[in-house]
Each structure stands twice: as C-alpha cells, then as structure tokens.
Amino acid sequence: MARRDESGETQRDRLIGLGRRSIAKSYYPELRRRLDELEMFRALLDRINDAIFILDVLTGDIVDVSGSLQDRYDCAPEDLIGVPFRELLPPHVARYVNEILNSESGVTRLETELHCPGSLKWTPVDISIQIPEGLDPPRAVVVARDISERKRAEEELKRINMELEQRVMERTRALHKANQAKSEFLSIVSHELRTPLTSIIGFAKIMDRRLKRSIIPEVESDHTDLLPSLEKMRHNLNVVVSEGDRLTNLINDLLDVAKLEAGGMEYHTVEMDVPELLRRASDSVSGLLESSGIELKINAERDIPPVIADRDRILQVVINLLSNAIKYASGEPVELSATQEKDGIRIAVRDHGPGVPEHLRESIFDKFITQAHAAERAPMKGTGLGLTICKHIVEAHGGSISINTPEDGGSEFFFTLPTQPG
Amino acid sequence: MTSYPALRKFVAPELIFGIGAAELAGQHIANLSARKVLFVTDEGMLKTPWPQMVMDSLSDEGVSYTLFSNVTPNPRDSEVMNGAEVFQKNRCEAIVVVGGGSAIDCAKAIGIVNTNRQNVLEFEGVDMVGHPGPPLVCVPTTSGSAADVSQFCIINDTARKVKIAIVSKTMVPDVSLIDPLLTTTMSPELTAHTGLDALTHAVEAYVSNANSPFTDLHALESVRQSATHLQTAIEEPQNLDARSGMSLASTYAGLAFSNAILGAVHAMSHSLGGMLDLPHGLCNAILLDHVIEFNFEAVPERYSNLARALGADIPEDMPVKDAKAATLEAFRDIKKRCGVEVTLAELGVGEEEIAALAATAINDPCMLTNPRQAIAAELEGVYGKAR
C-alpha cells in the first residue's frame with residue numbers, strides 16, 4: 001500500500017492532500033502567469049518605436065497608451081488617458097476621426113502629424129487605425145509611427161532632384177548655345193571659304209581660257225620656245241581648278257553633316273519611281289564611268305512600286321554609293337540593283353574591289369572614322385563624310401543602311417526604303 | 001502509538017447554508033466578476049422551480065447564462081466534452097450548477113476540460129489537474145453526494161465501461177449554496193438513497209486511516225443528524241426541519257470524506273456502478289453493513305462510536321464481539337427504516353460477475369484509506385454476502 005512513486009510520495013499522500021501538487025483551488029498561479037505575459041508584452045510595446053493608443057470607439061477617447069511616447073512626442077502616457085484622440089491631431093484631420101471610428105473598413109491609414117495637447121512640437125507620423133471585431137466594449141487600436149527621418153530623407157531627395165534638374169537645364173542651355181555657335185561657325189566658315197574659293201576657281205578658269213584662246217595662239221607663231229612653259233601653266237591651272245572643286249565638295253559635305261546633326265535638314269517628299277531613280281543616278285556618274293573605264297550594270301526588278309521620298313536626297317545617296325564603288329572597283333564592273341522585299345525596297349551597289357577591312361565594317365558609317373581610315377581602303381580622293389550623310393538621309397526616311405561582304409570579294413552597300421514611310 | 005494528531009490537510013469551499021441560499025447565486029457570480037455563465041442542470045430538474053429561481057437571481061445581477069441540461073445520471077465523458085464546447089462557444093466565464101451529484105460532477109469536469117484543453121479522461125487519478133476550472137457555484141438539490149463540497153468527480157468512461165475518479169483539491173467548488181428548500185422535491189426513494197449515501201460517507205471517513213480531528217467532528221455529527229432526520233425526511237418530504245438536518249448531514253459528511261477519503265464500500269460501489277450502471281446511493285446502502293462486518297475488528301472503537309451516534313447503546317467495556325453485533329444491528333436497522341432491503345442479486349448482479357467486480361474494486365483509490373487492508377478474494381467474499 002505504501003508504494004512510492006519517483007517523486008517519493010505515495011498515492012495515499014496525494015489522495016489525502018499531502019502530495020506536492022496538492023493545492024486548493026487557486027487562480028493566483030494562472031493569474032500570475034497571465035500577468036507576467038501581459039507585463040512582458042507591455043514592456044515590449046514600450047520599447048518599440050511606435051506609439052500605440054487604444055481608443056473607446058464610441059467616444060473617441062484614449063483608454064490606454066503604450067510604446068514610445070515620452071521620447072518621441074514628449075508626452076507622459078498617464079496624461080493622455082481620457083483625452084479625446086482628435087486633440088492630438090491637426091484640425092483638418094481631427095474632424096474626420098469620428099467618421100473613421102464609425103467606418104466599415106477594417107484598417108485606415110493616413111499620413112499626418114501628431115502632437116501632445118499643449119505642446120507646440122508636431123511630429124510627422126504614419127497612422128493606422130484598426131477596429132478589431134468582437135470586442136465589447138468596441139475598441140480601436142491606433143499605431144502611430146514617427147516618420148521624421150523618412151520625411152527628412154524625402155526632402156533631401158527632392159532638393160537634390162531640383163538641383164540636378166537645374167543643372168541639366170543649365171547644361172542644356174549651354175549645349176544649345178554651343179550647337180548654335182557651331183552651326184553659325186560652320187555656315188560662316190563655309191561661306192567665307194566658298195566665296196574666295198569661287199574666285200580662285202573662277203579666275204583659274206578664266207586664266208586657262210585666256211591662255212588657250214589668246215595667248216597660246218599668239219605665242220605659237222612668234223615664240224615657239226615659250227610654248228612648253230605655257231602648257232605647264234595650263235596644266236597647273238587645271239590642278240588648281242580640280243583641287244578647288246574637291247574643296248568645294250568637302251565644304252558642301254561638311255555643311256550637310258552640320259545641318260543633319262542640327263536637325264536642320266528639310267525633306268521634300270514626293271512619289272518617286274525607283275527605276276527612274278537608278279537611271280538618273282547612272283547618268284550622274286556617267287562621266288566618272290567613262291574616265292575610269294568601269295562598266296555599270298543596272299538591274300531593277302519589274303513592277304517595283306514607287307516610294308515616298310525626297311528625290312534629290314535619295315539620288316544623293318545612290319550617287320555617293322556609286323562613286324565609292326567606282327573608286328574602289330579595281331577595273332571590275334559595278335552593279336546597281338533594286339528589289340522589292342517584305343519590308344520595303346532594297347537598293348544595292350555591288351563592287352568587286354578589295355572590300356572593306358573587317359575592323360572598319362561596323363564604324364564605316366560614322367563620321368571622321370571613315371575619314372581617318374579612308375586612306376586604308378585605297379589611296380583615292382574623297383571627303384569621306386559621304387557615308388555618314390547617307391546614313392542620316394536613309395534613317396530620316398525610316399529606312400536603314402548597311403554593308404555586306406560577299407564571299408567572292410568586294411563589297412555590297414545597300415539600303416532599304418519603306419514603301420509607306422514610317 | 002502517539003497521542004498527537006498526524007499531519008493532515010482540510011479543504012472546504014465557501015459555504016452558505018440555509019433557506020434562501022440558492023437565491024444568492026447571482027450575487028456570488030457577480031462578486032466573482034463573471035458576466036456570462038454556463039448554467040448546468042438536468043432535464044428532470046427543469047421540471048422543478050429551482051433552476052428558474054437561480055436563473056432569476058442571475059438576471060437580477062445582470063449576469064447572462066447559457067443553459068446546458070444534457071446531463072444524465074452517472075455523467076458520461078461525451079456529455080462533459082459537449083458541455084465544454086458550449087461553454088467555449090458562448091464565451092462563458094463561470095459555471096453555475098443546480099442539481100444532484102451527477103450534474104455537479106459534470107459541471108466540475110466541464111470546467112477543467114475548458115481551462116486545460118484536454119479530454120476529460122486524461123484527468124483520471126489523483127492530482128492530475130493542471131489548472132483549476134473557472135469559478136464554480138454549486139446549488140445542490142439532493143442531500144447525499146456532497147459533490148458540492150468534495151474534491152471528487154466521478155465520470156462514466158463509456159468506452160471502457162468504468163467510472164473514473166478525478167481527485168484533486170482544485171476540484172473543490174468555489175461556493176456552495178446549500179438550500180434545504182431545494183431538497184423538498186426529492187422523492188422518498190431518492191431521499192432514502194441519498195441519505196444512506198451521506199451516512200456511508202460519514203462512516204467511511206470516520207474509520208478511514210486518514211481521519212483527523214477535523215473530519216471526525218464532521219463525520220460523527222453527520223451520523224447524528226442522519227439518525228435524527230433521515231426517516232422523517234423520507235416520510236414528510238416538505239418537513240424543512242428534517243430536510244435541513246439531512247442537508248447538514250450531507251454537508252458534514254462531505255467535508256469529512258473529501259479530506260479523510262473513503263473506504264471499501266465506495267471502492268466496491270464504484271465497481272458496481274461502472275459495470276452495471278446501478279444507482280450509487282443504493283449500492284452504498286446495500287454494501288455498508290457487509291463492509292462494516294469485514295472491517296470491524298480493524299477499528300472496533302471507531303465503529304462503536306458511529307453506532308452510538310446512531311443511538312445504539314454500546315458501553316465502553318462491551319466485548320468486541322458484542323459491540324460488533326450491536327453496531328451491525330444499528331446500521332441494519334436504519335437501512336430497514338429507510339426501506340432498503342434489496343440485495344445485489346435482486347439488482348441483477350450474477351455470481352459469475354463477482355470476481356471481475358472485486359478485481360476492479362481492489363484497485364480503486366478508496367481502498368488506500370480503508371481501515372483494513374484487503375485482497376481481491378476477501379472483497380469477493382463481501383460481494384457474495386451482499387448478494
């Protein structure tokens with residue numbers, strides 16, 4: 001009967017109330033445990049950065065507060081008990097408090113300011129108001145989060161943004177001025193260059209004509225010994241004229257590039273027949289073909305629809321490509337073709353010359369790069385700005401320009417024009 | 001043998017005794033800060049005016065209540081779990097029970113199931129209750145079980161077909177409002193059974209090996225009250241003098257046995273109740289004199305004192321054998337006067353069931369405080385005589 005269990009007590013001890021766990025009905029242990037739980041919870045709440053208010057939903061009065069009140073808002077929590085919550089808010093928000101407390105929605109959030117009654121210090125806060133269901137009497141839980149830091153950061157960001165905008169505007173103005181100055185400079189330069197150049201070329205031509213028509217026939221009869229010198233003079237005058245022409249072309253190209261970059265190029269689009277375009281381009285380079293002895297093969301597909309484009313500018317592109325091809329043709333024929341493709345008309349110029357070195361293919365349409373490397377392709381003469389201009393013109397028409405290097409040598413420059421300009 | 005008392009504990013609830021006590025339920029619940037209570041009673045009780053009387057006292061104090069009356073005699077584990085669910089669902093804060101031992105035990109169990117969130121069967125044994133139940137106010141309508149003052153709670157484990165005992169000082173109710181008026185609706189038969197139950201409690205507590213001066217006082221006075229009032233209460237149900245005497249007898253016995261514990265009568269009676277679902281008070285009454293016969297020699301003086309409290313004339317120098325005979329005579333006489341002459345056999349207990357009954361009874365905690373240590377075979381003998 002006196003069998004003892006592991007705790008050293010017998011069943012009989014426990015039965016007659018002498019066991020270790022024998023305790024008369026007492027709620028204290030349970031109350032103590034709950035109280036500890038609550039106190040720990042309260043201590044936790046008091047250490048967080050938010051202020052928590054419990055409101056009576058019916059009156060809007062504060063019935064309990066916890067969290068960081070003393071530090072952040074300079075409030076003694078006990079002074080707030082019984083105070084209407086709206087007294088802590090700015091008037092324009094305060095007048096809606098009762099409405100919020102009686103609203104159906106579960107959680108209300110708002111950004112406002114909070115202060116302790118009697119204090120002049122307003123603290124920016126994020127407030128969330130919740131009305132938990134099933135509480136009797138009904139209570140609202142208001143959590144206020146101090147957002148001073150965030151506000152400061154936002155202000156700082158705004159200030160930096162404004163500063164940046166200001167700087168961008170200043171830079172844009174400066175750039176605009178610089179651009180304008182550049183354009184003005186270019187037009188002045190070209191004008192100032194072209195005017196004397198025109199005189200130089202003009203007078204050189206007049207001098208050559210005078211030599212040819214008056215001086216040389218006179219000299220031929222009396223002073224035969226002077227003839228070789230005069231012929232030499234004529235030759236030199238021709239060099240002046242042709243170099244003068246080349247300089248004029250260069251100036252024209254420079255002007256074009258300047259206009260294109262400044263967006264000052266105007267396009268006059270019309271309906272343009274493609275085979276005719278090819279014929280006109282061919283005519284334009286006939287002199288060049290003749291003098292270089294290169295054959296031009298033209299191949300235009302039948303029934304190519306017309307395109308809407310600036311005729312002169314597109315002609316400029318085709319002539320440019322043809323002139324390049326003739327220059328680098330190495331005696332082989334040059335082919336000019338037009339085909340209809342899915343997304344537009346494709347116009348191509350094919351030569352069988354040395355081709356474009358691989359490292360230049362990507363940058364060949366960039367200005368100055370072409371210039372810098374033009375000598376590498378062949379020791380030929382040209383402004384080198386032509387491809388840059390072509391690219392600008394084609395892209396302004398909604399097309400694209402590119403280069404192919406066929407396996408059997410040479411190059412193919414081609415561009416596309418949309419049948420309906422984009 | 002030492003003459004000073006051994007180490008003992010005595011636990012009692014707050015008691016209000018007397019006509020009108022039941023109407024103080026509302027006031028006590030309000031004092032316990034409860035605003036909504038579970039009102040436990042049984043269907044039979046709802047036919048008497050008492051539940052409404054207590055409900056009115058609750059309403060007068062602004063206390064609302066949820067009625068739970070799905071309680072049967074020998075309350076079942078499922079009834080307890082249902083009650084706990086009703087308690088929780090209605091967010092009750094305390095329990096008020098109006099009824100006999102069954103309703104009160106059910107209410108006690110509902111309370112601890114609710115606070116501990118455990119199945120009621122997990123509390124079986126001594127000191128197995130972790131947290132006390134919610135405040136419990138008892139309004140007993142019988143005078144016998146004394147569940148309203150005791151630390152015991154008996155629940156019917158329907159799956160195992162046994163009655164489990166939950167024993168813990170935390171099971172002692174907070175307040176017991178003992179109003180003799182409420183016992184006037186008991187039938188003569190129920191008055192007899194519950195009265196003999198109270199008598200058995202007093203006897204077993206007095207002869208318990210855990211008796212104390214406190215329990216002795218209550219036990220002997222309980223027997224005296226029963227001797228004086230039981231027969232009158234049976235014969236004159238409206239006699240408030242007799243009803244008050246029996247309410248006192250029951251309460252005194254409850255205070256005694258809750259602290260000194262019981263003995264073989266209850267061990268054997270629990271076994272009968274579990275296996276055959278027989279009325280508890282009646283089983284106790286049938287077994288009482290047979291157990292006295294078995295135990296007498298262990299504490300002859302104490303049994304003689306009990307017989308004297310019943311009115312028997314047993315001189316100090318009477319031989320034990322004669323004193324035993326006189327004691328048995330006194331107890332058999334009061335049983336007879338109460339109309340209990342039935343045997344276990346007449347209640348349907350077969351001889352073949354005795355071994356199983358004894359095997360269960362020998363392991364009942366009440367055997368720990370029986371004055372005479374016994375083995376199962378001996379209990380079989382007692383069962384046999386009671387058949």
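Residues numbered from 1 in each chain as written. Chains lettered and ligands numbered in written order. Predicted model: local features only at pLDDT ≥ 70, side-chain atom pairs only at ≥ 80, totals over all residues. Heavy atoms only, no water.

Student: Explain the overall build of chain A to me, and be specific about the residues and the numbers.
Tutor: The helix and strand inventory of chain A stands at 14 helices and 12 strands. For 422 residues, the compact-globule estimate of 2.2 N^0.38 gives 22 Å, and the C-alpha radius of gyration of chain A, at 46 Å, exceeds that figure by more than 25%. Its C-alpha atoms give chain A principal-axis dimensions of about 160 × 65 × 45 Å. Within the span of chain A, comprising 422 residues, buried residues form 37% of the whole. When contacts within chain A are restricted to residue pairs at least 6 apart in sequence, those whose partners lie at least 24 apart make up 58%. (Helix = DSSP H or I, 4+ residues; strand = E, 2+ residues; numbered from the N terminus. Rg over C-alpha atoms; globule rule 2.2 N^0.38 Å. Buried < 20%, exposed > 50% of the residue type's maximum accessible area, 1.4 Å probe, protein only. Contact = heavy atoms within 4.5 Å.)

Student: Quick one: what's the story with the overall build of chain B, residue by residue and with numbers?
Tutor: If you tally the helices and strands in chain B, you get 13 helices and nine strands. Principal-axis analysis of the C-alpha atoms places the extent of chain B at approximately 65 × 45 × 45 Å. Long-range contacts, defined as pairs at least 24 residues apart, comprise 78% of the intrachain contacts of chain B with a sequence gap of at least 6. Within the structure as shown, chain B displays about 14400 Å² of accessible surface, and the carbon and sulfur contribution to it stands at 52%. Seen as two clouds, the 27 positive and the 46 negative side-chain charges of chain B have centres 3 Å apart. (Areas by Shrake-Rupley, 256 points an atom, 1.4 Å probe, with all protein chains shown as cover. Lys, Arg positive; Asp, Glu negative; His and termini not counted. Charge placed at Lys NZ, Arg CZ, Asp CG, Glu CD.)

Student: Account for the interface of chain B and chain A, with residues named and values stated.
Tutor: The interface is formed by 28 residues belonging to chain B together with 17 residues belonging to chain A. Between chain B and chain A the total buried area reaches about 2100 Å² when both faces are included, carbon and sulfur atoms providing 57% of it. For the pair chain B and chain A, the number of links is one salt bridge. Between Asp174(B) and Lys25(A) there is a salt bridge; the shortest N-O distance is 2.6 Å. (Buried area = accessible area lost by both parts, 1.4 Å probe. Salt bridge = Lys/Arg side-chain N within 4 Å of Asp/Glu carboxyl O.)

Student: Give me the nonpolar core: which residues, what numbers.
Tutor: Residues Leu199(B), Leu272(B), Leu287(B), Leu306(B) and Tyr383(B) are the most contacted members of the largest nonpolar core, which totals 80 residues. Split by domain, the residues of this core number at least three in each of domain 1 (14-183) and domain 2 (186-386) of chain B. For Tyr383(B), the contacting residues outside a window of four places in its chain are Met268(B), Ser271(B), Leu272(B), Leu287(B), Leu344(B), Ile354(B), Leu357(B), Ala358(B) and Ala361(B). One finds Val257(A), Leu322(A), Ala329(A) and Val349(A) within the second-largest nonpolar core, a separate group that totals 45 residues. (Core = buried A, V, L, I, M, F, W, Y, C linked by side-chain atoms within 4.5 Å. Domains from an automatic or database assignment.)

Student: Got a sec to walk through unusual backbone geometry? Specific residues and values, please.
Tutor: A cis amide bond links Asp136(A) with the next residue in sequence, Pro137(A), at an omega value of 0 degrees. Structurally, Pro137(A) is set in the loop between β4 (123-130) and β5 (139-146). Despite not being glycine, Asp127(B) has its phi angle at roughly 55 degrees, a positive value. Take Asp127(B): it is sitting in the loop between β5 (125-126) and β6 (136-140). Positive phi, normally seen in glycine, also occurs at Ile261(B), with a value near 70 degrees. Within the secondary structure layout, Ile261(B) lies in the loop between α7 (240-260) and α8 (264-276). Ile261(B) sits in the buried class, given a relative accessible area of 0%.

Student: A description of the pattern of salt bridges should follow, citing residues and the corresponding values.
Tutor: Residue and element names in this part refer to chain B. The tally for this structure, following the rule as stated, stands at 35 salt bridges over all chains. Note that Asp-289 is salt-bridged to Lys-335, the shortest N-O span being 2.6 Å. In this pair, Asp-289 is assigned in helix α9 (residues 280-295) and Lys-335 in helix α11 (residues 320-337), connecting sequence segments 46 residues apart. Exposure remark for Lys-335: the relative accessible area of 10% places this residue in the buried category. Among the salt bridges present, the one from Lys-324 reaches Glu-297, with a minimum N-O distance of 3.1 Å. You can see Lys-324 sitting in helix α11 and its partner Glu-297 sitting in the loop between α9 and α10 (300-310), a full 27 residues away along the chain. Judged by relative accessible area, which is 16%, Lys-324 ranks as buried.

Student: Describe the sheet that holds strand β8 (residues 162-167) of chain B, listing the residues and the values that go with them.
Tutor: Residue and element names in this part refer to chain B. Read across the sheet, three strands follow the order β5-β8-β7 without closing on themselves; strand pairing throughout is mixed. In this open sheet, the two edge strands, each paired with only one partner strand, are β5 and β7 (152-157). Two elements, β7 and β8, share six bridges in a ladder whose sense is antiparallel. Each residue of the ladder has a partner; that of Asp-157, found in β8, is Val-162. (Pairing = 2+ DSSP bridges.)

Student: Could you give an account of the state of the cysteines, naming the residues involved and the relevant values?
Tutor: Tallied over the entire structure, the rule returns one disulfide over all chains. Between the sulfur atoms of Cys75(A) and its disulfide mate Cys116(A) the distance is 1.1 Å. Of this pair, Cys75(A) sits in the loop between α3 (70-73) and α4 (77-80) while Cys116(A) sits in the loop between β3 (107-114) and β4, placing them 41 residues apart in sequence. Grouping residues by exposure puts Cys75(A) and Cys116(A) together as buried. Looking at the unpaired Cys338(B), the closest cysteine sulfur is the one in Cys283(B), lying at 16 Å. (Disulfide = S-S within 2.5 Å.)

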